[in-house]
Amino acid sequence: MRSFVVTLTLAIYAAVAGAQQSSVADAYFANQVPISKANLLANIGPDGSRAQGAKAGVVIASPSTSDPDYLYTWIRDASLVYKSLVERLIRGETDLRTKIDQYVDSQAYLQTVSNPSGTISSGGLGEPKFNINLTAFTGSWGRPQRDGPALRATALTQYSNWLIKNGNQSYVSQKVWPVIKLDLDYTAQYWNYTGFDLWEEVSSSSFFTTAVQHRALVEGAALATNLGETASATSYSTQAPNVLCFQQSYWNPSAGYVTSNTGGGRSGKDVNSAIASAHNFDPSAGCDATTFQPCSDKALASLKVYIDSFRSIYPINNGKAANQAVATGRYAEDVYYGGQPWYLATAAVAEQLYDAIIVWKAEKAITVTATSLDFFRPFSSSVVAGTYASDSTTYTTLLNGVQAFADGFIEVIAQYTPADGSLAEQYRRDTGVPTSATHLTWSYASILTAFAARNGEYQESWGAKGLSATASCDSNTGPTVSVTFNVMAETVLGENIFLTGSVEPLKNWSPDNALALNPSNYPTWSVTVSVPANTQFSYKYIRKNNGQVTWESDPDRSYTSGASGTGSTSDVWR
Ligand SMILES: *[C@@H]1O[C@H](CO)[C@@H](O)[C@H](O)[C@H]1NC(C)=O
Ligand SMILES: *[C@@H]1O[C@H](CO)[C@@H](O)[C@H](O)[C@H]1NC(C)=O
Ligand SMILES: *[C@@H]1O[C@H](CO)[C@@H](O)[C@H](O)[C@H]1NC(C)=O
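Criteria and cut-off values
Along each chain, residue indices are assigned from 1 in the same order as the chain's sequence is written. To read the labels, note that chains go from A and ligands from 1, taken in the order they are written. pLDDT decides what is reported in this predicted model: residues at 70 or higher carry local features, side-chain atom pairs at 80 or more are listed and counted, and totals for whole chains, interfaces and linings draw on all residues regardless. For side-chain calculations, the full set of non-hydrogen atoms in the structure is used, while hydrogens and water are omitted. By the criteria applied, helices consist of DSSP H or I runs no shorter than four residues and strands consist of E runs no shorter than two, each listed in order from the N terminus. Atoms counted for the radius of gyration: C-alpha only. Globule rule: 2.2 Å times the number of residues to the power 0.38. When checking whether two residues touch, look at their non-hydrogen atoms; a contact exists if any pair is within 4.5 Å. Charged residues are defined here as Lys and Arg on the positive side and Asp and Glu on the negative side; His and the ends of the chain fall outside this count. By convention, the charge on Lys lies at NZ, on Arg at CZ, on Asp at CG and on Glu at CD. UniProt positions are given in the numbering used here, feature names are shortened, and annotations may be inferred rather than shown by experiment. Exposure categories follow from relative accessible area, calculated using a 1.4 Å probe and restricted to protein chains: below 20% of the type maximum is buried, above 50% is exposed, and the middle band is partly exposed. Summary of the distance rule: residues count as near a molecule or strand when at least one heavy atom falls within 4 Å of that molecule or strand. Polar contacts, as counted here, are pairs of nitrogen or oxygen atoms within 3.5 Å of one another; within protein the pair requires one atom able to donate a hydrogen and one able to accept it, and residues that are adjacent in sequence qualify only if both atoms are side-chain atoms. Reported accessibility uses the Shrake-Rupley method at a 1.4 Å probe radius. Residues are deemed covered only where the shown protein chains occlude them. One less than the residue count of a helix, multiplied by 1.5 Å, gives the span that helix is expected to have. Any two of the Phe, Tyr and Trp rings considered here, Trp counted by its six-membered ring, make a pair once their centres fall within 6.5 Å; the pair's planes then place it as stacked at under 30 degrees, edge-to-face at over 60, or tilted in between. Geometrically, a charge over a ring is one whose NZ (Lys) or CZ (Arg) sits within 6 Å of the ring centre while staying within 35 degrees of the ring normal. Axis lines are fitted through C-alpha atoms, for helices just across the contact stretch, and the angle between N-to-C directions can take any value from 0 to 180 degrees. Two helices cross in a left-handed way if the nearer one is turned anticlockwise from the farther one by less than a right angle. They cross in a right-handed way if the turn is clockwise. In this description, the term disulfide denotes a pair of cysteine sulfurs within 2.5 Å. An automatic or database domain assignment supplies the residue ranges for each domain. The buried area of a pairing is the accessible area, by a 1.4 Å probe, that goes missing from both parts when the two are put together, added over both. By convention in these notes, a salt bridge is any Lys or Arg side-chain nitrogen within 4 Å of a carboxyl oxygen on Asp or Glu. By the convention adopted, Pro, Cys, Tyr, Trp, Phe, Met, Ile, Leu, Val and Ala count as nonpolar, Lys, Arg, Asp and Glu as charged, and the other residues, Gly among them, as polar.

Q: Could you give me a rundown of the overall build of the protein, with the residues and numbers involved?
A: Each helix and strand counted, the protein has 14 helices and 20 strands in total. Over its C-alpha trace the protein gives a radius of gyration of 24 Å, about what one expects of a compact globule, namely 25 Å for 574 residues. Dimensions of the protein along its principal axes, counting C-alpha atoms only, are 80 × 55 × 50 Å. Long-range contacts, defined here as pairs at least 24 residues apart, represent 68% of the contacts in the protein between residues at least 6 apart. Seen as two clouds, the 38 positive and the 47 negative side-chain charges of the protein have centres 1 Å apart.

Laid out in structure tokens, this is it:
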């Protein structure tokens, strides 16, 4: 209830502050929001005009069928798109309800579809994308991706909370909760395993994934309690603090920003963290850094280094001052489609800043810390760490500076949006011309959520208020079973057999760290490994001879572990 009162007040503040907003951004949103909503809905089956062949409730990523082929449904994209629709439903667009119910039904079915990541009970919920007729996509891909179930649970939990408030708990219990429960059971079991990041490139731990998992478990535990699902509530509220503790470890104190992935060998400056911050916005949590709230010093510091990483590499950013917005992409090292700016990345920057402004206005103060000082300096070169109340000139200077800065990102997007309002995935770094997939559904959703944040519109609290991280972190590798891998392989002198595969205990496909097998029953080589229970994974054997690595031929081998006990393989080198 408290957050409800807070946000109502905020909406008024935002309206009052309208005078300081950019008229270019005003005009852009006035035109682009209805276009974005219409184009977003056009990408949802069964009747969206660009979604022919998609089942009811299925979001296509983009209608583009080649260069790139995005005519698939991604769990992540669809969840974020539907989260934006649920938010609009909560704000009164009740005509969206049928679409949301179709989403619930489509996802309940999709969870049962066996796929290369496994079945409903062996890790299949980590599968990132499916065909739009809800069959499995079986080509090779970066899998699993463990943010999808958490994001879907969040969209559906928000919907459930609204249904319960409106006296419809029975539909929640019968239809929505079973989907959420499977997603959160998966999240509770697998949050402490690596997977591919939201850009489907790096297999490691990823800040975005961890942060969205934490949120989903917290609000899911509260929903479970509400529904009398006490065993689930206990499971989720046991793991949530462990996830929050782990989330803190991404902060790099010496460099002063969140490193987005633990692997991948990049700087780690990535819009990953801005999207996570905006997604996990909870106005009741103020500027709390533990949950990476948009106005927290750590989130602002991370945002600044991320933005600045594009100033010199994109020609369209030439000549922009440090307090001016620029085009931004996923991360500076990006080479996909030549490494261009992305609309949804630039919109996420604006959204995080608009969220921050909502809280500063509500709290009638801005706090600058040593960590966030660099973020604020471009708006006031003399600012020092401290708390500035809303009647101070520093507060006004900073607030107006950040507002103009945030609107500036929308002005960048406006400049590079074609006259018909269509939004592709990317716009070129040299010319600003749209490129890659056309009509990207997530691009449209990113405009809708940035606009809502700018208007200070209703944001439901998810329970971030007052959370703190424990000093030492508990892991959760969950139940394991012991599997003996046996492979018949003849070798020459000096040659040895190793094993690697898609799960942590098999060293995540690392030939360097692959497990050595024992030849005491030569020509059978063996090694016994503890692997996660109820999990499907892939693996291969490799030969190493004096540093020279030879892989087995394709395809990958696959193994599904049981719930308990032991297992073994009898493979022959191929
Ligand atoms: C579903 O879509 C895929 C990919 O387009 C296609 O190969 C498959 O035949 C379709 N299956 C059914 C049952 O329609
Ligand atoms: C509960 O919500 C569902 C899903 O929107 C709807 O189909 C059903 O009619 C509602 N029931 C009541 C009693 O409002
Ligand atoms: C598992 O959690 C522990 C404790 O937070 C952490 O040190 C470790 O890096 C985590 N590993 C993965 C893969 O999440």
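Q: Outline the UniProt feature "binding site: substrate" (unreviewed entry) in the protein, supporting the account with residue identities and numerical values.
A: The sites that carry the UniProt feature "binding site: substrate" (unreviewed entry) are, in the present numbering, W141. Position of W141 among the secondary structure elements: in the loop between β2 (129–130) and α5 (148–165). Residue classification places W141 among the partly exposed positions, given a relative accessible area of 33%. Beyond its immediate stretch of four places on either side in the chain, W141 contacts W74, P128, K129 and E200.

Q: Run through the site of ligand 3, naming residues and quoting values.
A: Taken together, W191, N192, Y193, T194, S205, F246, C473, S475 and E504 are the residues near ligand 3. Residue N192 places a side-chain N or O atom 2.5 Å away from an oxygen atom belonging to ligand 3. Isolated, ligand 3 exposes 360 Å² of accessible area, and the fraction of that covered by the protein chains is 70%.

Q: An account of helix α3 (residues 75–90) is requested, with residue identities and associated values reported.
A: Between its first and last C-alpha atoms α3 spans 22 Å; for 16 residues at 1.5 Å apiece the expected length is 22 Å, and the two agree. Taken across its 16 residues, α3 has 15 buried, putting it largely inside the fold. Positive phi appears at G92, one or two residues downstream of α3, with a value of about 115 degrees.

Q: Which residues make up the site of ligand 1, and what are the values?
A: Close to ligand 1 lie N131, N133 and T135. N133 is positioned with one of its side-chain polar atoms (N or O) 2.3 Å from an oxygen atom of ligand 1. Against a free-state accessible area of 360 Å², the protein chains account for coverage of 26% of ligand 1.

Q: Quick one: what's the story with the packing of aromatic side chains, residue by residue and with numbers?
A: Under the defined criterion, the tally for this structure stands at 35 aromatic pairs. A network of ring pairs unites the aromatic residues W360, F375, F376, F379, F405 and F409 as a single cluster. Over the ring of F137 we find K129, and its NZ or CZ is 4.2 Å from the ring centre. In this structure, R543 packs its charged tip against the face of W573, placed 4.3 Å from the ring centre.

Q: Go over the side chain of N486 with me, naming the residues and quoting the values.
A: For N486, the location among the structural elements is in strand β11 (residues 480–488). Engagement of the side chain of N486 in a polar contact is seen with the side chain of S526, the distance being 2.7 Å. Ignoring sequence-local partners within four residues, the contact set of N486 consists of T524, W525, S526, Y541, S568, T569, S570 and D571.

Q: Which residues make up the packing of helix α6 (residues 169–190) against helix α8 (residues 230–248), and what values do they have?
A: Put simply, α6 and α8 touch, their axes get as near as 10 Å, and they point 35 degrees apart. The handedness of the crossing between α6 and α8 comes out as left-handed. Contacts from W177, K181, L184, D185 and A188 of α6 reach α8 at S232, S235, Y236 and Q239.

Q: I'd like a rundown of the state of the cysteines, residues and numbers included.
A: Taken as a whole and judged by the stated rule, the model has 2 disulfides. What pairs with C245 in a disulfide is C473, and their sulfur atoms sit 2.0 Å apart. Between C245 and C473 the sulfur-sulfur dihedral comes to about -85 degrees; the bridge is accordingly left-handed. In this pair, C245 is assigned in helix α8 and C473 in the loop between α14 (441–454) and β11, connecting sequence segments 228 residues apart. Relative accessible area serves as the criterion here: at 3%, C245 is assigned to the buried category. Each sulfur of the disulfide joining C287 and C295 lies 2.1 Å from the other. Looking along the S-S bond of the C287-C295 disulfide, the torsion reads about -105 degrees, which is the left-handed sense. Counting only the cysteines that form disulfides, in the order they appear in the protein, gives the pairing 1-4, 2-3.

Q: Could you give me a rundown of the domain arrangement of the protein, with the residues and numbers involved?
A: Looking at the protein, the domain boundaries give domain 1 (1–42 + 293–460), domain 2 (70–252) and domain 3 (480–572). On a C-alpha basis, the centroid separation for the pair domain 2 and domain 3 is 32 Å. Of all residues in domain 2, S122, Y193 and T194 bury the most surface against domain 3, accounting for 50% of the area lost on that side. Seen at the junction of domain 2 and domain 3, the total is 0 salt bridges. Residues belonging to the side of domain 2 that touches domain 3 are distributed by class as follows: 3 nonpolar, 10 polar and no charged.

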